[in-house]
Amino acid sequence: YARRLARAVWTHLQREDFDVLFSNDRNVSAYYPGPQPVVLVTDNILRATIHAGWYDRYQNLCSRNLRDGDSVQALALRRALHTFVPSKWVYDHAIRVHGGNPEAVRFIRWGANLSEIPDSHVADSRDAPGRDRVRLLCVGLDWRIKNGDLVLEITAALRRRGIDAQLTLVGM
């Protein structure tokens, strides 16, 4: 599967002129046959995902599937020019469990990973710029993993405070 997927991506991209392939898929990163370097951008390192219990489909894999998955994940990390991950926990799994190169794997915060929590008076201020309207975006495949119920609660709480909260769901 992994090789076929990577070849299909390469076949489609042969018509394009680009210097680097950014991929969020370990299969493509592991087996991409094109001449361009691959940068893997992911929050889904296989053993970290299994360990966390996020996806039911990963919980009862047979030993051969686990070995194959580990092999593809390790190859993706070795072949990628760089790998960007959003948490120290995923970074540690990429390095310790899958043998990623610490020089190539980078922990870069993205999404709601705030480096500083705003003071409560700033966060609660109705006078802050743009506080009359908030646009929320939730992207994911699994409602439970992305805390969809919490997203709905937050949207409702903002609306109760008189804030025009608009929620867009993608992929749910």
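Residues numbered from 1 in each chain as written. Predicted model: local features only at pLDDT ≥ 70, side-chain atom pairs only at ≥ 80, totals over all residues. Heavy atoms only, no water.

Colleague: What am I meant to see in the sheet that holds strand β2 (residues 38-41) here?
Modeller: Sheet strands pair by backbone hydrogen bonding; their relative direction is either parallel or antiparallel. Strands sit in the order β1-β2-β3-β4 across an open sheet of four strands; the sheet is parallel. The outermost strands of the open sheet, each flanked by one partner alone, are β1 (21-23) and β4 (105-107). Direction aside, neighbouring strands of the sheet carry axes that sit 20° apart on average. Looking at chain direction, β2 and strand β3 (residues 82-85) are connected through three bridges and run parallel. Pairing of V39 across the sheet is with H82, part of β3. (Pairing = 2+ DSSP bridges. Helix = DSSP H or I, 4+ residues; strand = E, 2+ residues; numbered from the N terminus. Axes fitted to C-alpha atoms, helices over the stretch in contact; angles between N-to-C directions.)

Colleague: In this structure, what is going on with the pairing of strand β6 (residues 164-170)? I would like to understand it.
Modeller: A regular strand places its side chains on the two faces of the sheet in alternate fashion. Note: strand β5 (residues 133-139) against β6, seven bridges, orientation parallel. Bridge pairing links R135 to Q166 in β6. Handedness of the crossover joining β5 and β6 through helix α7 (residues 148-160) is recorded here as right-handed. (Right-handed = clockwise from strand over helix to strand, strands pointing away.)

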